[in-house]
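Remarks on the overall topology
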Amino acid sequence: MKTIKGMKFETLISENDIATRVKELVKEIAEDSDGKEIFVIGILKGSFIFLSDLLRLFNVHNIHPSLDFITVESYGSGKTSSGKLKMLRDITTDIENKWVLIVDDILDTGRTLAFAKEYFLKKKPASIKTCVFLDKPERRVNEFKADYVGFEVPDKFVVGYGMDYDNLFRELPYVGVLSDEEDT
Ligand code: PRP
C-alpha cells in the first residue's frame, strides 16, 4: 500500500505488465492496418500517456501514423447523470478514406467512445477502430465494445498512466487502485 498526497492506493497493473501489453497491442494494430495510412485520434486528457507509448512503438513496425487530439465534454447535469456530450476540441485534418484509430485511456460507461465513433463515421473514413488501455465492462450503459483492449479491470477507482483523481496522479507509470481506507 502506498500513500501519496494523503491518498492510499495499491498497484493494480505494474509498469512492466503495461509495457508488455502495449507492445502486443501495437503488433495487433500493425497487422490489422495492413499497410494502410493510419490516422490516430487521442481523446484528451486521459489518453496522453498510453497514446505516447503506443505511438512510439509503431516505428518498430515501420508504420508512421498521423495524429490529432479531441476533447469531449459533458454538458447538462454531469456526464454520469445526463450522458450528453459535445466535441469541445475537434481534429483539423480530413480523415476521408483513412484507417482511423481512436485511442482512450478507459472505457467506462461507453458514452465517450460511442459518441466519438459516431461523430467520425460521418467523415467517411475507410474504417474506424477503437483502442483503450483499460475496459470496465461492468460500468457500460450501452453495447459499445472496443476493438483493442489493454486490460479488463473491475469497477474500482483507478489512477495513474494518464488517469486521475481530481486531476492528480496522471504521471504515475503504473495503474493504482484508490483504497477506501481512511488515511491515519
Ligand atoms: C474519462 C476517460 C474517458 C472517459 C470514459 O475522461 O478519459 O475519456 O472518461 O468514460 P465513459 O466511457 O463513461 O464515457 P474524463 O471525462 O474523466 O476526462 P479526462 O480524460 O480529461 O480525465
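Below, the structure is looked at part by part. These figures come from a predicted structure and were not determined experimentally.

The next subject is the sheet that holds strand β7 (residues 127-135). If you trace the 6 strands from one edge of the open sheet to the other, you get β5-β4-β3-β6-β7-β8, paired in mixed fashion. Because the sheet does not close on itself, it has two edges, and the strands there are β5 (84-89) and β8 (148-152). With strand direction ignored, the average angle separating the axes of adjacent strands in the sheet is 25°. In this structure, strand β3 (residues 38-44) lies alongside strand β6 (residues 99-107), joined through 5 bridges in parallel fashion. Looking at the pairing, Ile 41 lines up with Ile 102 of β6. In the packing of helix α1 (residues 15-33) onto the sheet, contacts are made with β3, β6, β7 and β8, and the angle to β8 comes to roughly 160°. Most of the contacts of helix α2 (residues 48-58) go to β6, to which it runs at about 145°, and overall it touches β3, β4 (66-75), β6 and β7.

Not every one of the 14 residues close to the ligand is listed here, only the nearest: Gly 46, Asp 104, Asp 105, Thr 109 and Thr 112. A distance of 2.8 Å separates an oxygen atom of the ligand from a polar atom in the backbone of Gly 46. For the ligand, an oxygen atom lies 2.6 Å from a polar atom in the side chain of Asp 104. When the ligand is considered free in solution it has 500 Å² of accessible area, and contact with the protein chains removes 80% of it.

If you walk across this open sheet you meet the 4 strands as β1-β2-β10-β9, and the pairing is antiparallel. Each edge of the sheet is formed by a strand with only one pairing partner; in this case those strands are β1 (2-4) and β9 (158-159). Summarising the sheet, strand β2 (residues 7-13) and strand β10 (residues 175-178) pair through 4 bridges and their orientation is antiparallel. In the strand pairing of β10, Ile 13 is matched with Val 175.

By the element assignment, Asp 68 lies in strand β4. Exposure remark for Asp 68: the relative accessible area of 8% places this residue in the buried category. Every residue in contact with Asp 68, bar those within four places of it in the chain, is listed here: Phe 39, Val 40, Ile 41, Gly 42, Arg 89, Ile 91, Thr 92 and Thr 93.

By size, the foremost hydrophobic cluster in this structure holds 30 residues, and its most contacted members are Phe 50, Leu 101, Cys 131, Phe 133, Leu 134 and Val 175. Taken together, the elements giving at least two residues each to this core come down to α1, β3, α2, β6, β7, β8 and β10. Element by element, the count of residues in this core is highest for α1, at 6 residues. When residues no more than four places from it in sequence are discounted, the contact partners of Val 175 are Glu 10, Thr 11, Leu 12, Ile 13, Ile 18, Phe 133, Leu 134, Val 158, Val 159, Tyr 161 and Met 163.

Moving on, we get to unusual backbone geometry. Glycine aside, negative phi is the norm for most residues, and most peptide bonds take the trans geometry. Each neighbour pair has its own omega, and for Leu 44 with Lys 45 the value is -5°, a cis peptide bond. The residue Lys 45 is located in the loop between β3 and α2 in this model. In the Ramachandran plot, Asp 34 falls in the positive-phi region, its phi being about 50° despite a non-glycine side chain. Tracing the chain through its elements places Asp 34 in the loop between α1 and β3. Although it is not a glycine, Asn 167 sits at a positive phi angle of roughly 65°.

Further remarks concern the pattern of salt bridges. According to the stated counting rule, one finds 8 salt bridges in the structure shown. Note that Arg 56 and Asp 53 form a salt bridge whose closest N and O atoms lie 2.8 Å from each other. Here Asp 53 and Arg 56 lie together in helix α2, a separation of 3 residues that amounts to about one turn. Asp 53 sits in the partly exposed class, given a relative accessible area of 24%. Of the charged contacts, one joins Arg 140 and Asp 135 as a salt bridge, the two residues approaching to 2.7 Å between their closest N and O atoms. No difference in accessibility class separates Arg 140 from Asp 135, as the two residues are buried.

Calculation notes
- Residues numbered from 1 in each chain as written.
- Predicted model: local features only at pLDDT ≥ 70, side-chain atom pairs only at ≥ 80, totals over all residues.
- Heavy atoms only, no water.
- Pairing = 2+ DSSP bridges.
- Helix = DSSP H or I, 4+ residues; strand = E, 2+ residues; numbered from the N terminus.
- Axes fitted to C-alpha atoms, helices over the stretch in contact; angles between N-to-C directions.
- Contact = heavy atoms within 4.5 Å.
- Near = heavy atom within 4 Å.
- Polar contact = N/O pair within 3.5 Å; in protein donor to acceptor, adjacent residues only side chain to side chain.
- Areas by Shrake-Rupley, 256 points an atom, 1.4 Å probe, with all protein chains shown as cover.
- Buried < 20%, exposed > 50% of the residue type's maximum accessible area, 1.4 Å probe, protein only.
- Core = buried A, V, L, I, M, F, W, Y, C linked by side-chain atoms within 4.5 Å.
- Salt bridge = Lys/Arg side-chain N within 4 Å of Asp/Glu carboxyl O.

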